[in-house]
Amino acid sequence: MRSPAQNGGRRLTRRGLLGGAAGLAGAAAGGSVKADSLLDVPPRGPGAPLSATSERSRYVHLARTPESTPGMRPVDPSVAINSKAPIDKLVGSITPTDLHYERSHSGVPDIDPAQHRLLVHGMVKQQLVFSMDDLRAMPTLSRVAFLECTGNGWENWKTASPDVTVQNTHGLISTNEWTGVPLSYVIDLIGVDPRSTWMLAEGGDGSAVARSIPLTDEIIAEGILAYGQNGEPLRPAHGFPLRLFLPGFEGNLNIKWLRRLKFGDRPFMTRWETARYTQLQADGHARQFQLRQDVNSVITSPSGMMQIRPGYNRITGLAWSGHGRIDRVEISTDGAKSWREAQLAGPKLPKAQTRFQADWVWDGKPTKIVSRSTDDKKQVQPDRAAFIARTGTNALFHYNAQQTWAIDQDGKVRNVLQ
Ligand SMILES: Nc1nc2c(c(=O)[nH]1)N[C@H]1C(S)=C(S)[C@@H](COP(=O)(O)O)O[C@H]1N2
Ligand SMILES: [Mo]
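Residues numbered from 1 in each chain as written. Chains lettered and ligands numbered in written order. Predicted model: local features only at pLDDT ≥ 70, side-chain atom pairs only at ≥ 80, totals over all residues. Heavy atoms only, no water.

The chain carries the name Sulfane dehydrogenase subunit SoxC in an unreviewed UniProt entry, which gives Bradyrhizobium yuanmingense as its organism.

What follows is the structure, given as structure tokens:
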């Protein structure tokens, strides 16, 4: 009887025969051989006992990387301020819950949901305190949407470290299904004063992250007081038992461990919006309240530190926009000289990561690959030169310039600025 290893060997030989540009169709189909019997597939075997929760295969290794700011290297988790998602190793467009990126300013509080309360006050008809049971009794809404730290990409703002992965450069984004009470429901319930144009959201963690949120029609219509993530209660790292979720808006507005909403007629000017999350412009002035995550994309394979071979390579990556739906993604395999349209693999949800893919035959010569996305509001991802011309290099947040990966003659992929 033939062993799986022999089958594998036969595949490799077949692939070798196909090699090169002429074999594109065959190579794209991988190592398929004409099969004539069950001897061509590995034998069946006995199984392990069933379990209470499903673990990953022991052949699959997936982990976030805890990092300090703006360091590129893994650090001791006790001093990490964020932990990046392994987007180079994920498929599809949903991030597994345990791999959703994490950004916490002062650790993860241990909150008993039975004790947790949400205070809603300020310019409202009636000031109320809700328990988690109160909130869970209200109508719910679920939505698949991305969450992105406004610092995503900041490593490439000034210099490009060549030896990093896409997890390092773009790992502060994830897409999950979020479930909770529509913000609009609570606003109606408490009777927010129509003159109230801002809402303060405050977290119950040590650093009491608090942000002022403008009460635009879009935010009222789409905001969620979320207690569910991918079909289960939020994980503590992501705000258990309650967080604010605002599709398309910068990560830090999505207050975790939410304990207070206060309504008012002006921004509350917390230190998070006066000192922390402002954008220093080229002229030295700081810009406040740049809240939307812009149109963005990145090729996740081939990407930083991967090794490719001449011949067929599938290009794949992720695109997203805080403005809405991704309309198209173009890729260049000649350093942004020429572009062609990638295929959107779907689902194509608004304000969610969308997978794209394209065939590519690498001729073995050094080159650069780039992606650029366009959303349904006609926002186009800028190249780095245009982005820097517009924003300068003083700022830290909202970096959405096109990501370039350089491929050298040995097929090694490296991070470069443009
Ligand atoms: N209370 C509180 N909310 C918070 C934070 C925090 O440290 N404390 N971090 C913010 C930042 S900067 C981001 S990017 C997101 C990260 O959410 P996640 O850890 O679920 O990915 O939460 C935001 N909400
Ligand atoms: Mo963030």
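Asker: Would you mind showing me how to read the overall build of the chain here?
Answerer: Looking only at helices and strands, the chain features eight helices and 24 strands. Relative to the 2.2 N^0.38 estimate, which gives 22 Å for 418 residues, the radius of gyration of the chain is 24 Å and therefore close to what a compact globule would have. With the principal axes as the frame, the chain shows a C-alpha extent of 75 × 60 × 40 Å. Taking all contacts inside the chain whose residues are at least 6 apart in sequence as the whole, residues at least 24 apart take part in 71%. With an accessible surface of roughly 19,300 Å², the chain has 54% of that area assigned to carbon and sulfur atoms. Charge-centre separation for the chain: the mean point of 50 positive side chains lies 4 Å from the mean point of 40 negative side chains. (Helix = DSSP H or I, 4+ residues; strand = E, 2+ residues; numbered from the N terminus. Rg over C-alpha atoms; globule rule 2.2 N^0.38 Å. Contact = heavy atoms within 4.5 Å. Areas by Shrake-Rupley, 256 points an atom, 1.4 Å probe, with all protein chains shown as cover. Lys, Arg positive; Asp, Glu negative; His and termini not counted. Charge placed at Lys NZ, Arg CZ, Asp CG, Glu CD.)

Asker: Before we go on, may I ask you to explain the sheet that holds strand E9 (residues 210-214) in this structure?
Answerer: Note on sheets: strands pair through backbone hydrogen bonds, and any given pair is parallel or antiparallel. Across the sheet, which stays open at both edges, the five strands sit in the order E5-E4-E13-E8-E9 with mixed pairing between neighbours. The open sheet terminates on both sides in strands that have one partner only, identified here as strand E5 (128-131) and E9. Taken over all neighbouring pairs, the strand axes of this sheet differ in orientation by 20° on average, direction set aside. By the bridge criterion, six bridges tie strand E8 (residues 198-203) to strand E13 (residues 258-264) in an arrangement that is antiparallel. Along E13, the bridge assignment pairs glycine 203 with leucine 258. Sitting on the sheet, helix H5 (residues 183-190) is in contact with strand E4 (117-122), E5, E8 and E13, with an inclination near 140° to E5. (Pairing = 2+ DSSP bridges. Axes fitted to C-alpha atoms, helices over the stretch in contact; angles between N-to-C directions.)

Asker: Which parts of the structure should I look at to understand the domain arrangement of the chain?
Answerer: When the parts come together, some accessible area is lost, and that loss is often what is quoted as the size of the interface. Along its sequence, the chain is carved into domain 1 (65-287) and domain 2 (296-416). Look at where the C-alpha atoms of domain 1 and domain 2 centre, and you get two points 26 Å apart. Taken together, the contact pairs 46 residues of domain 1 with 36 residues of domain 2. Here domain 1 meets domain 2 over a buried area of about 3,400 Å², counting both sides, of which 53% is carbon and sulfur. With a shortest N-O distance of 2.7 Å, aspartate 163 and arginine 414 are connected by a salt bridge. (Domains from an automatic or database assignment. Buried area = accessible area lost by both parts, 1.4 Å probe. Salt bridge = Lys/Arg side-chain N within 4 Å of Asp/Glu carboxyl O.)

Asker: Would you mind going over the UniProt feature "domain: Moybdenum cofactor oxidoreductase dimerisation" (unreviewed entry) in the chain with me for this structure?
Answerer: As annotated by UniProt and renumbered to match this structure, "domain: Moybdenum cofactor oxidoreductase dimerisation" (unreviewed entry) occupies residues 292-398. The span residues 292-398 carries 7% helix and 42% strand; its end-to-end C-alpha distance comes to 9 Å. (UniProt positions renumbered as here; feature names shortened; annotations may be inferred.)

Asker: Even after reading the chapter, I still don't get the pairing of strand E17 (residues 311-320), so can you show me in this structure?
Answerer: Along a regular strand, successive side chains alternate from one face of the sheet to the other. Buried residues dominate E17, accounting for nine of its ten residues. Bridge count for strand E16 (residues 296-301) against E17 is five bridges, and the pairing is antiparallel. Bridge assignment links valine 298 to a residue of E17, and that residue is leucine 318. Judged from the nine bridges that link them, E17 and strand E21 (residues 354-362) form a sheet pairing that is antiparallel. When the bridges of E21 are listed, glycine 311 appears paired with tryptophan 362. (Buried < 20%, exposed > 50% of the residue type's maximum accessible area, 1.4 Å probe, protein only.)

Asker: Would you explain helix H8 (residues 384-391) in this entry?
Answerer: Residues three or four positions apart in an α-helix share a direction because the helix packs 3.6 residues into each turn. Taken as a whole, H8 has its buried residues at Arg384, Phe387 and Thr391. For H8, the angular spread of buried residues about the axis comes to 65°, placing them on one side. What points out from H8, more than 90 degrees from its buried face, is the exposed set Ala389 and Arg390. You can read the cap of H8 off the contacts: a side-chain oxygen lies 3.2 Å from the backbone nitrogen of alanine 385, and it is on aspartate 383. (Arc of directions from axis to C-beta. Polar contact = N/O pair within 3.5 Å; in protein donor to acceptor, adjacent residues only side chain to side chain.)

Asker: When you look at H5 in this model, what are you seeing that I'm missing?
Answerer: Among the residues making up H5, those that are buried are Leu183, Val186, Ile187 and Ile190. Buried residues of H5, viewed axially, fall in a sector of 100°; they line one side. Glycine 191 lies just past H5 and shows a positive phi near 70°.

Asker: Help me understand the site of ligand 1 in this model?
Answerer: Around ligand 1 there are 21 residues in total, and Tyr101, His105, Asp205, His238 and Lys256 lie nearest to it. A distance of 2.6 Å separates an oxygen atom of ligand 1 from a polar backbone atom of tyrosine 101. Out of a free accessible area of 530 Å², ligand 1 has 100% covered by protein chains. (Near = heavy atom within 4 Å.)

Asker: I would appreciate a short explanation of unusual backbone geometry in the present structure.
Answerer: Outside of glycine, negative phi angles account for most residues, and trans bonds account for most peptide bonds. The residue after serine 301, namely proline 302, is reached through a cis peptide bond having omega -5°. Relative to the helices and strands, proline 302 is located in the loop between E16 and E17. The residue after glycine 346, namely proline 347, is reached through a cis peptide bond having omega -5°. Within the secondary structure, proline 347 sits in the loop between strand E20 (343-344) and E21. Even without a glycine there, the phi angle at lysine 378 is positive, about 65°. Tracing the chain through its elements places lysine 378 in the loop between strand E22 (367-375) and H8. According to the relative accessible area criterion, lysine 378 is exposed, its value standing at 61%.

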